Amino acid sequence: MIPKSIAALFSRPGFIGLLTTILLATIGFNTTYLSYKVSEESDRNELLGLLGIMESNLEQYLSHCKSAALMMAYTINDQGEPQEFDSVAMQLLSDDRFDIIELLPKGVIEYVHPLKGNESVLGYNILEDPNRNLEALKAKELKQMYFAGPIPLRQGGNAIIGRLPVYIKNEFWGFSAVVVNTEKFLNSLGIAELNKNELLVQLSKVNPNTQQEEFFLPAIEGFPHETSKKVSIKEGDWNIYIGYKNNVKAIFAVVPMAVLSLLLALIGGFFVMEILK
């Protein structure tokens, strides 16, 4: 048997209206939360998809760099002397993917194309420069192409440098190197176009000398943030970050729904209360 006090409580229109409001609000907020999780997952998948595209674009670009460096390595005969260096380098540079081609016997830049504007690097021994040799030594250690930078060039400008270690009769000969202007490198990722939209992109790398993470695009306060996504590119130990300019985009997307749910709950409760009066 229901106590009279409880029965009396349930007979009050105001109480029934309040219960109706709570019930409708609970249903509405649960629906809003589910919508938020769907929106959050959709944003996450969008970011991961864009990261995948940038990673694929970069890997394709680096593959062209590796092919160019390998082709230059093939110009070196068994005596360690490059053949037709300038003509092959000129052909490789004709498609405008790269800016400078170099050959470095024992780590010394002895062959460079184009020569004009790059005369200052001739005779430079990368392996004896403590400020620049760690990434060259890493390429030698890995026995595969490794990309340094973005770093300032001795002849001016800023670039990515890919160095392929070359071996002749199992003996280290030196490097075949491809130099790419940093802006051209970033354009290969499509970063400029993404930054024009509601997205933010950042490229970073841990400096091998300082062990500090350095960012190569204009710094944006608070980015990368906890909702941004990252992919690492092992060929140069780069990190690419991507995220929304508004890092609570999913929350803002469901705010109207939450407000509407609350209003409907209040209206529903008031309507029930008026009927029961």
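The structure under discussion appears in the preceding block.
What comes next is a walk through the structure. These numbers come from a predicted model, not from an experiment. (Residues numbered from 1 in each chain as written. Predicted model: local features only at pLDDT ≥ 70, side-chain atom pairs only at ≥ 80, totals over all residues. Heavy atoms only, no water.)

1. With respect to the overall build of the chain
Okay, so step 1: Counting its secondary structure elements, the chain contains seven helices and nine strands.
Okay, so step 2: Taken across its 277 residues, the chain has 42% of its residues classed as buried.
Okay, so step 3: Within the chain, contacts between residues separated by at least 24 positions form 56% of all contacts whose residues are at least 6 apart in sequence.
Okay, so step 4: Surface exposure of the chain reaches about 15600 Å², of which carbon and sulfur atoms provide 58%. (Helix = DSSP H or I, 4+ residues; strand = E, 2+ residues; numbered from the N terminus. Buried < 20%, exposed > 50% of the residue type's maximum accessible area, 1.4 Å probe, protein only. Contact = heavy atoms within 4.5 Å. Areas by Shrake-Rupley, 256 points an atom, 1.4 Å probe, with all protein chains shown as cover.)

2. Some thoughts on a nonpolar patch on the surface
Okay, so step 1: Among the surface-exposed residues, F29, V255, V259, L262, L263, L266 and I267 lie close enough to one another that they form a single nonpolar patch of about 610 Å² accessible area.
Okay, so step 2: Counting residues per element, the nonpolar patch draws most heavily on helix 7 (residues 249-276), which supplies six residues.
Okay, so step 3: The partly exposed category is assigned to L262, whose relative accessible area is 40%. (Patch = residues over 30% accessible without salt bridge, like charges linked within 9 Å, V, L, I, M, F, W, Y side chains within 5 Å. Salt bridge = Lys/Arg side-chain N within 4 Å of Asp/Glu carboxyl O.)

3. Focus: the side chain of E135
Okay, so step 1: In this fold, E135 is placed in helix 4 (residues 133-142).
Okay, so step 2: Accessibility expressed as a relative area gives 10% for E135, which makes it buried.

4. Observations concerning the sheet that holds strand 7 (residues 213-215)
Okay, so step 1: Overall, antiparallel pairing links the four strands, which are arranged 7-6-9-8 in an open sheet. Every other strand in the sheet has two partners, leaving strand 7 and strand 8 (229-233) as the edge strands with one partner each. Each neighbouring strand pair of the sheet contributes to a mean axis angle of 25°, computed without reference to strand direction.
Okay, so step 2: Pairing of strand 8 with strand 9 (residues 238-244) involves five bridges; the strand directions are antiparallel. Within strand 9, the position partnered with I233 by the bridge is W238. (Pairing = 2+ DSSP bridges. Axes fitted to C-alpha atoms, helices over the stretch in contact; angles between N-to-C directions.)

5. Some points on the pattern of salt bridges
Close approach of charged atoms allows side chains with opposite charge to pair.
Okay, so step 1: Summed over all chains, the structure comprises six salt bridges.
Okay, so step 2: The partner of D96 in a salt bridge is K184, and the shortest N-O contact between them spans 3.2 Å. Of this pair, D96 sits in the loop between helix 3 (85-93) and strand 1 (100-105) while K184 sits in helix 5 (residues 182-187), and the two are 88 residues apart along the sequence.
Okay, so step 3: Taking the relative accessible area as the measure of exposure, D96 reaches 52% and is therefore exposed.
Okay, so step 4: Where D99 meets K184, a salt bridge forms, and the shortest distance between an N and an O atom there is 3.0 Å. With D99 in the loop between helix 3 and strand 1 and K184 in helix 5, the pair connects residues that are 85 residues apart, well separated along the chain.
Okay, so step 5: Under the relative-accessibility criterion, K184 is labelled buried at 18%.

6. A look at the nonpolar core
Okay, so step 1: Within the largest apolar cluster, 44 residues are counted, with the highest numbers of intra-cluster contacts made by V178, F185, W238 and I240.
Okay, so step 2: By residue number, the principal contributor to this core is helix 2 (residues 13-73), which donates 12 residues.
Okay, so step 3: Apart from the residues within four sequence positions on either side, V178 is in contact with C65, A68, A69, F98, I100, I101, M145, I160, I161 and G162.
Okay, so step 4: Counting residues in hydrophobic clusters, the runner-up holds 17 residues, among them I100, V112, V121 and A136. (Core = buried A, V, L, I, M, F, W, Y, C linked by side-chain atoms within 4.5 Å.)

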